[in-house]
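Listed here are the chains, written in short residue letters.
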Amino acid sequence: MSETAVIPRQLSDTPASSRGCILIIDDEVEIRESLQTLLEFEGYEVEAAGTGEEGLSKLGERSFDLVLLDLALPGRSGIEILPEIRSLYSQISVIMITAYGTVEDAVRAMQSGAVNFLQKPWDNEKLLADVRAAVARRRAEEENIQLKRALKQRYNFESIVGKSEPMLKIFDLVAQVAPSRSTVLLQGESGTGKELIAKALHLNSTRRDRTFVPVNTGSMPPDLLESTLFGHVKGAFTSAIASKKGLFEIADRGTLFLDEIGTMGLDTQSKILLVLQYRRFMHLCGVHEVQVDVRIIAATNVDLRQMVREGKFREDLFYRLNVITIDLPPLRQRKEDIPLLVEFFLRKYSDENQRQLRRVTPEGLRPLLNYSWPGNVRELENVVERAVVLSSGPDIGADLLPDHIVGRGAPIPLIEPRGDASLFDVMEECERHIIVDMLEKCGWNQTEAAERFHIPLSTLNQKIKRLSIEIKKKIRDC
Ligand SMILES: Nc1ncnc2c1ncn2[C@@H]1O[C@H](COP(=O)(O)OP(=O)(O)OP(=O)(O)O)[C@@H](O)[C@H]1O
Ligand SMILES: [Mg+2]
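The paragraphs below set out a description of the structure included in this document. All of these numbers come straight from a predicted model, not from anything done at the bench.

### Observations regarding the overall build of the chain
Looking only at helices and strands, the chain has 19 helices and 16 strands in total. In the chain, which comprises 478 residues, the share counted as buried stands at 34%. By sequence separation, contacts in the chain at least 24 residues apart represent 71% of the contacts at least 6 residues apart.

Shown next as structure tokens:
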């Protein structure tokens, strides 16, 4: 192998005008030439090599998107050099080509990381379709890597993915406000990434070496929540056999993340307001004031302004929390993030399950792009994890996706948009039909419908309210 062959390249130096760079490794001159002509005619940049060694050396000289690799090469065979290509240039897609392909060869090639297997003589249309899919896959992966690298360099964000306009604005905002001490209010539907952003704010602040303390204020009765937040002195209540620190003290000089703040009772709200105003509080039944330096980040998936109007949330606390607001858009409004998120979760769950890296096929990606994702990124993550666990080969196709996503369940209603209807109106109308259809199927049992949609019941109920769906009486208990 030449010296340059061992330098893995990750960033593409492909000219923007090219549809992609392809390396053909085949010992038969006619095959190389006919493939090169076909692919160049389609707008690809093509180079060719007659042996595995020559191919490896060309791979070291520049970056390629795809290698078309002959199985039966003189010297080291294609199947022998495939693992080397995969380990040195893991981002490059490889399609194996052979005249004498057996099922075992195909299986070995796929196990060694080839993305596809073609038999000579090939059908040009099929070959071009496979090449297009393999190049697109490699480009998506590369984009993901570059984006993550850029985000990491710029913001130190390691696990947040997004390239849509609203997400890029959010990343900028997070970078801007993270170092300050300002209270931040995160708003967004369930599963949009509020907790992830809260952690990014903490990790990008000067408090990063202190604790990030999340507390779900909706999951506790008011008394327990107050003693959890503020701590208590011995004997404050019957079971208080010893004094206990509260989360405000534990988060001192760090960040306290108050999740689902909209569910907090008015009494607790008043106490939180006092801490925000004076940075001091008292333990339950305590006599001394405790001074703390805590940054508060709050999150809600309900409209706090509306709650203020209804008298359920203190207006003064709302304004205290609302110093900087970050609105996380639902996934259906930033569908360009879906391929990146899919790649990200495929990598995460392939690694976690010690599987060879799974890839989504164009047929698998299509329904994921068309689906409305009521449970947002969390729902997408669950769908990808499930597909990785169920998969036996490297490809994730539509067959590994749940019925309701590929449309094998309820038919999507055909909605004739009114002349003045916006896309948003049409999507809302679709969402309404789908929810009513599911509720009908579950005998109007909201809990079952929420489970079958893989979303929290609270999210379904918000949607029912927003879409003014009239709940019929339960007709059966599920
Ligand atoms: N932009 C993103 N990139 C990568 N992963 C994401 C992104 N957004 C969300 N996730 C993942 O989706 C899941 C849900 O995110 P998170 O818990 O932050 O949502 P949330 O808005 O707090 O939801 P809830 O309101 O239900 O508590 C997490 O596993 C998170 O890591
Ligand atoms: Mg959350």
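### With respect to the packing of helix H2 (residues 52-61) against helix H3 (residues 78-88)
Contact pair H2 / H3: the axes reach a minimum separation of 10 Å and the direction vectors enclose 20°. Between H2 and H3, the angle falls in the class roughly parallel. Seen along the crossing, H2 lies across H3 with a hand that is right-handed. Contacts between H2 and H3 involve Gly 52, Leu 56 and Leu 59 from the former and Gly 78, Ile 81, Glu 84 and Ile 85 from the latter.

### Details of H2
Gly 52, Gly 55, Leu 56, Lys 58 and Leu 59 are the residues of H2 that are buried. Angular distribution of buried residues about the axis of H2 spans 160°; they occupy a single face of the element. Elements in contact with the buried residues of H2: strand S1 (21-25), strand S2 (45-49) and H3.

### Re the site of ligand 1
Near ligand 1 there are 18 residues, and of these Ser 190, Gly 193, Lys 194, Glu 195 and Val 377 occur at the shortest range. Among the elements of the structure, helix H7 (194-203), helix H13 (338-352) and helix H15 (376-390) are those that each provide at least two residues to the shell around ligand 1. Looking at the shell around ligand 1, you find at least three residues from each of domain 2 (161-329) and domain 3 (332-406).

### Side note on the sheet that holds strand S13 (residues 295-300)
With respect to topology, 5 strands assemble into an open sheet ordered S7-S10-S13-S6-S14, the strand pairing being parallel. Pairing within the sheet leaves two strands with one partner each, and these edge strands are strand S7 (212-216) and strand S14 (324-328). Averaged over all adjacent pairs, the angle separating strand axes in this sheet is 20°, with direction ignored. Alignment of strand S10 (residues 255-259) against S13, held across 4 bridges, turns out to be parallel. Paired with Leu 256 across the strands is Ile 296, a residue of S13.

Cut-offs and rules
Residues numbered from 1 in each chain as written. Chains lettered and ligands numbered in written order. Predicted model: local features only at pLDDT ≥ 70, side-chain atom pairs only at ≥ 80, totals over all residues. Helix = DSSP H or I, 4+ residues; strand = E, 2+ residues; numbered from the N terminus. Buried ≥ 20, exposed ≤ 12 C-beta atoms within 10 Å, placed from the backbone. Contact = placed C-beta atoms within 7 Å. Axes fitted to C-alpha atoms, helices over the stretch in contact; angles between N-to-C directions. Parallel < 35°, antiparallel > 145°, perpendicular 65-115°, else oblique. Left-handed = near helix turned anticlockwise from the far one by under 90°. Arc of directions from axis to C-beta. Near = placed C-beta within 6 Å. Domains from an automatic or database assignment. Pairing = 2+ DSSP bridges.

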